[in-house]
Amino acid sequence: MTTTSSRAFQPVLDRIAEEMERTPGRGRPADYIPALAACDPRRFGMAVAEPDGTVYGVGDWREPFSTQSLTKVFTLALDLAREGDELWEHVGREPSGNPFNSLIQLEYENGIPRNPFINAGALVVTDRLQTRTGDAATELLGFLRAESGNPTLGFDEEIAASEAAHGDRNAALAHFMASYGNIDNPVPVLLDQYFRQCSLTASCADLALATGFLARHGVRADGTRLLTGSQAKQVNAVMLTCGTYDAAGDFAYRVGLPGKSGVGGGIIAVVPGRCTLCVWSPGLDERGNSVAGVAALDRFTTLTGLSVF
């Protein structure tokens, strides 16, 4: 069916939840972070937020979870708002075709990461936001609290410590880029900011609302403008082509929306002008994307007829 009214969102979500409940093979949680490994892969939540802030949900849609790489979208927007096109001199906009924590491309591309959503690129973005704000993680937290309307959002110190304890690859990426002059801040400061950023916990409702500025073409929840319309288009475009690790082509084929996944099992997605979504289910496929999350978004675009294509 093709919906003409957002009132159909709740029945669609209910139907998707019922279908997900009957779906076997939900993947496995990320096992390199103990706090994530303990998550039940059968958990499922999904929320849809309209540009006016109306939000619909199903399942565990108000249950906080570890956002992980979902926060890369917001740090990208916050930095892009401050420095504009200069950012793109330090990070590219192309799919990587390699794992999200790969070192391979950095050497033959002179320390310039392929895109802002692989770990190397996200480190560059956090570094540049740190230079401009003095505390990138707190800047991110304040933004997400304001856009979601939830002042209780915060960082999970246990997850941040676990990330730091297993962060050798990220440290290597940061040091390597620093050797090319593409990192401004001391690497230990940058890593602390980055691990805190990834440890933020939020619910599907929080994240669907917080992503709303991308459906509103750069306008925040309070009516002020964060990004120009062109910049919002840029963020959405990079989400579509690079937001789901090295499975972005398959995600675009199945879902047809700008999206960003995280190894905590969350995925955010944007229907420009219409709505934003967040789905969470901790079981991941071999590429680090939520199995049920991708399937649910696939069903959403099929049932509603909403996509960018």
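Residues numbered from 1 in each chain as written. Predicted model: local features only at pLDDT ≥ 70, side-chain atom pairs only at ≥ 80, totals over all residues. Heavy atoms only, no water.

Colleague: How would you sum up the sheet that holds strand S5 (residues 200-202)? Please name residues and give values.
Modeller: Read across the sheet, three strands follow the order S3-S5-S4 without closing on themselves; strand pairing throughout is antiparallel. Either end of the sheet is taken by a strand with one partner, and the two such strands are strand S3 (65-66) and strand S4 (154-155). For S3 and S5, the ladder comprises two bridges, and the chain directions are antiparallel. Counterpart to Phe65 in the pairing with S5 is Ala202. (Pairing = 2+ DSSP bridges. Helix = DSSP H or I, 4+ residues; strand = E, 2+ residues; numbered from the N terminus.)

Colleague: Can you tell me about the packing of aromatic side chains, naming the residues and giving the values?
Modeller: If you walk through the whole model with that rule in mind, you get eight aromatic pairs. Plain terms: the ring middles of Phe9 and Phe300 are 5.8 Å apart, the flat faces sit at 35 degrees to each other, and that makes the pair tilted. Here Phe9, found in helix H1 (residues 9-21), pairs with Phe300, found in helix H14 (residues 291-304); they are 291 residues apart in sequence, far enough to count as distant. One exposure class covers both Phe9 and Phe300, and it is buried. Here the aromatic rings of Phe65 and Trp280 are separated by 5.2 Å at their centres, their planes lie at 5 degrees, and the arrangement is stacked. (Phe/Tyr/Trp six-rings, centres within 6.5 Å; stacked < 30°, edge-to-face > 60°. Buried < 20%, exposed > 50% of the residue type's maximum accessible area, 1.4 Å probe, protein only.)

Colleague: Can you explain the UniProt feature "binding site: substrate" (unreviewed entry) in the protein? Please cite residues and give values.
Modeller: Listed under "binding site: substrate" (unreviewed entry) in the UniProt record, and renumbered for this structure, are Ser69, Asn119, Glu163, Asn170, Tyr194, Tyr245 and Val263. You can see Tyr194 is positioned in helix H9 (residues 187-198). Relative accessible area serves as the criterion here: at 2%, Tyr194 is assigned to the buried category. Beyond its immediate stretch of four places on either side in the chain, Tyr194 contacts Lys72, Asn119, Ala122, Leu123, Thr126 and Asn170. Here Tyr245 lies in the loop between helix H12 (229-242) and helix H13 (248-254). Of the polar contacts made by the side chain of Tyr245, one reaches the side chain of Ser69; its length is 3.5 Å. (UniProt positions renumbered as here; feature names shortened; annotations may be inferred. Contact = heavy atoms within 4.5 Å. Polar contact = N/O pair within 3.5 Å; in protein donor to acceptor, adjacent residues only side chain to side chain.)

Colleague: Go over the nonpolar core with me, naming the residues and quoting the values.
Modeller: One finds Phe74, Leu214 and Leu227 to be the most contacted residues of the largest nonpolar core, which totals 63 residues. With residues up to four places along the chain from it excluded, the contact list for Phe74 reads Leu140, Phe143, Leu144, Leu207, Ala210, Thr211, Phe213 and Ile268. One finds Leu13, Phe251, Leu257 and Phe300 within the second-largest nonpolar core, a separate group that totals 28 residues. (Core = buried A, V, L, I, M, F, W, Y, C linked by side-chain atoms within 4.5 Å.)

Colleague: I'd like to hear about the environment of Ala292, residue by residue, with values.
Modeller: Topologically, Ala292 is positioned in helix H14. Put simply, Ala292 and Ala215 are 77 residues apart on the chain and 23 Å apart in space, counted from C-alpha to C-alpha.

Colleague: Explain helix H6 (residues 136-148) residue by residue, including any values.
Modeller: Because each turn of an α-helix spans 3.6 residues, side chains separated by three or four positions end up pointing in the same direction. For H6, with 13 residues, the first-to-last C-alpha span of 18 Å sits near the 18 Å given by 1.5 Å per residue. Within H6, the full set of buried residues consists of Ala136, Ala137, Leu140, Leu141, Phe143, Leu144, Glu147 and Ser148. Buried residues of H6, viewed axially, fall in a sector of 165 degrees; they line one side. Phi turns positive, to about 75 degrees, at Gly149, one or two residues after H6. (Expected span 1.5 Å × (residues − 1). Arc of directions from axis to C-beta.)

Colleague: Could you give an account of the environment of Phe65, with specific residues and numbers?
Modeller: Summarising the element assignment, Phe65 is placed in strand S3. For the pair formed by Phe65 and Pro41, sequence separation is 24 residues and the distance between their alpha carbons is 12 Å. Setting aside chain neighbours within four positions, we find Phe65 in contact with Leu70, Leu200, Thr201, Ala202, Ser203, Cys204, Leu207, Gly264, Gly266, Cys278 and Trp280.

Colleague: Just give me the short version of the pairing of strand S8 (residues 275-280), but keep the residues and values in it.
Modeller: Of all six residues in S8, six are buried; the element is thus mostly enclosed. Of the two faces of S8, both are covered, the one formed by Cys275, Leu277 and Val279 as well as the one formed by Thr276, Cys278 and Trp280. In terms of strand pairing, strand S1 (residues 45-49) meets S8 through five bridges, oriented antiparallel. Bridge pairing in S8 links Ala47 to Cys278. Strand direction decides the pairing type here: strand S7 (residues 266-271) and S8, joined by six bridges, are antiparallel.

Colleague: Run through the pairing of S1, naming residues and quoting values.
Modeller: Burial analysis of S1 places five of its five residues in the buried class, which makes it a mostly covered element. The pairing of S1 with strand S2 (residues 55-59) spans five bridges and is classified as antiparallel. Its bridge partner lying in S2, Ala49 is registered against Val55. Following S1, the chain reverses through five residues before pairing antiparallel with S2; Gly53 in that reversal takes a positive phi of roughly 95 degrees.

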